[in-house]
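Survey of secondary and tertiary structure
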Amino acid sequence: MASSQKMSVHEITRTSRLQISKNTVHRRIIESGYMNHAKMAHRSPLSKLHISKRLQWARNHMSWMVALFSDEKNGTSMDLTGIKKYWHDLRKEPRSFFSRQSGGGSVMVWTAFCFNGQVGLAFLDGRQNSPKYIETLENHLMPFAENIGGRNWEYQLDNAPTHTSSARKSYLNSKTVTVLEWPPMSPDLNPIENVWGFMSRKVYENGGQFYSVNALKVHATTWNQIYCKP
């Protein structure tokens, strides 16, 4: 059950209908000698074309102008670690999982950063669409961009539908903002993912729990503390 059906100790105990405890099931799995409780690796479901485009993108951008990286995260927990564990049969290939960038949640935040500063954390309300994304850019990105100095920078955004709409393209064109080419299926290439992970660990250090959206928002402002401006 643990090896072939990928069941947890709890599921095996419940499904077996035997008069045994979870501890007994756990011991028997360990005693097999070829099962261990492993962390499942997170990966994107990359095709050969995705891999080729990512590699070519990296080669094309080994030396580039200033990039302003952006991203949104949603959910009430902001838990970005993506840790999943399972019983790994050492005789088989390790398992991995893929989680989509979008999803449910009652708190959504957006921000952007570059080597010389960061945009203040923006809390977004309601379901996000192209007009709302443009509003976020107008209210948060453009005021920051004006302080960067000059036009020698590019704006990075992923290939989410709200980011690739014709309305968004027209808006940034009207602001003479150059958009950084971005390969598909490549959230891991964005350095802001490392910042999200660090921020999540700070917000939830010492097992912190939040029982209201406002409480989470207050602690999420740790973004302003963890990024050190040069």
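Look a little higher up for the structure.
Worth saying up front: this structure is predicted, and the values here are computed from it rather than measured.

Some words on the packing of aromatic side chains
Scanning the model with the defined rule gives two aromatic pairs in all. Considering the side-chain rings of Trp-57 and Trp-182, the 5.0 Å spacing of their centres and the 75 degrees angle between planes classify their relative orientation as edge-to-face. Taken as a pair, Trp-57 in helix 3 (residues 48-60) and Trp-182 in the loop between strand 9 (178-179) and helix 7 (192-203) lie far apart in primary sequence, 125 residues in all. Here the two residues Trp-57 and Trp-182 agree in accessibility, since each one is buried. The interplanar angle of 40 degrees and the centroid separation of 6.4 Å between the aromatic rings of Phe-69 and Phe-113 together place this pair among those described as tilted. On the criterion of sequence distance, the pair formed by Phe-69 in strand 2 (residues 66-74) and Phe-113 in strand 5 (residues 108-114) is long-range, its members being 44 residues apart. The pair Phe-69 / Phe-113 is uniform in exposure class, with both members buried. Here the basic side chain of Arg-91 rests over the ring of Tyr-34, its NZ or CZ set 3.6 Å away from the ring centre.

Side note on the pattern of salt bridges
All told, the structure shown has four salt bridges when counted by the stated rule. Taking the shortest distance from any N to any O, the salt bridge between Glu-31 and Arg-28 comes out at 3.2 Å. Residue Glu-31 and its partner Arg-28 are both found in helix 2 (residues 22-31); the two are separated by three residues, about one turn of the helix. Taken individually, Glu-31 and Arg-28 each receive the classification exposed, so the pair is uniform in this respect. For Glu-138, the salt bridge identified is with Lys-175, shortest N-O distance 3.6 Å. Residue Glu-138 is located in helix 4 (residues 130-148), and its partner Lys-175 is located in the loop between helix 6 (166-174) and strand 9; the two are separated by 37 residues in the primary sequence. On the basis of relative accessibility, which here comes to 30%, the residue Lys-175 falls in the partly exposed class.

Side note on the nonpolar core
If you look at the biggest cluster of nonpolar residues, it comprises 21 residues, and the most contacted ones within it are Leu-68, Trp-110, Leu-137, Leu-141 and Tyr-155. Residue assignment for this core shows that the elements contributing at least two residues are strand 5, strand 7 (122-124), helix 4, strand 8 (153-156) and helix 6. In this structure, Trp-57, Phe-113, Leu-180 and Val-195 belong to the second largest nonpolar core, which totals 17 residues.

Quick notes on the rules
Residues numbered from 1 in each chain as written. Predicted model: local features only at pLDDT ≥ 70, side-chain atom pairs only at ≥ 80, totals over all residues. Heavy atoms only, no water. Phe/Tyr/Trp six-rings, centres within 6.5 Å; stacked < 30°, edge-to-face > 60°. Helix = DSSP H or I, 4+ residues; strand = E, 2+ residues; numbered from the N terminus. Buried < 20%, exposed > 50% of the residue type's maximum accessible area, 1.4 Å probe, protein only. Lys NZ or Arg CZ within 6 Å of the ring centre and 35° of its normal. Salt bridge = Lys/Arg side-chain N within 4 Å of Asp/Glu carboxyl O. Core = buried A, V, L, I, M, F, W, Y, C linked by side-chain atoms within 4.5 Å.

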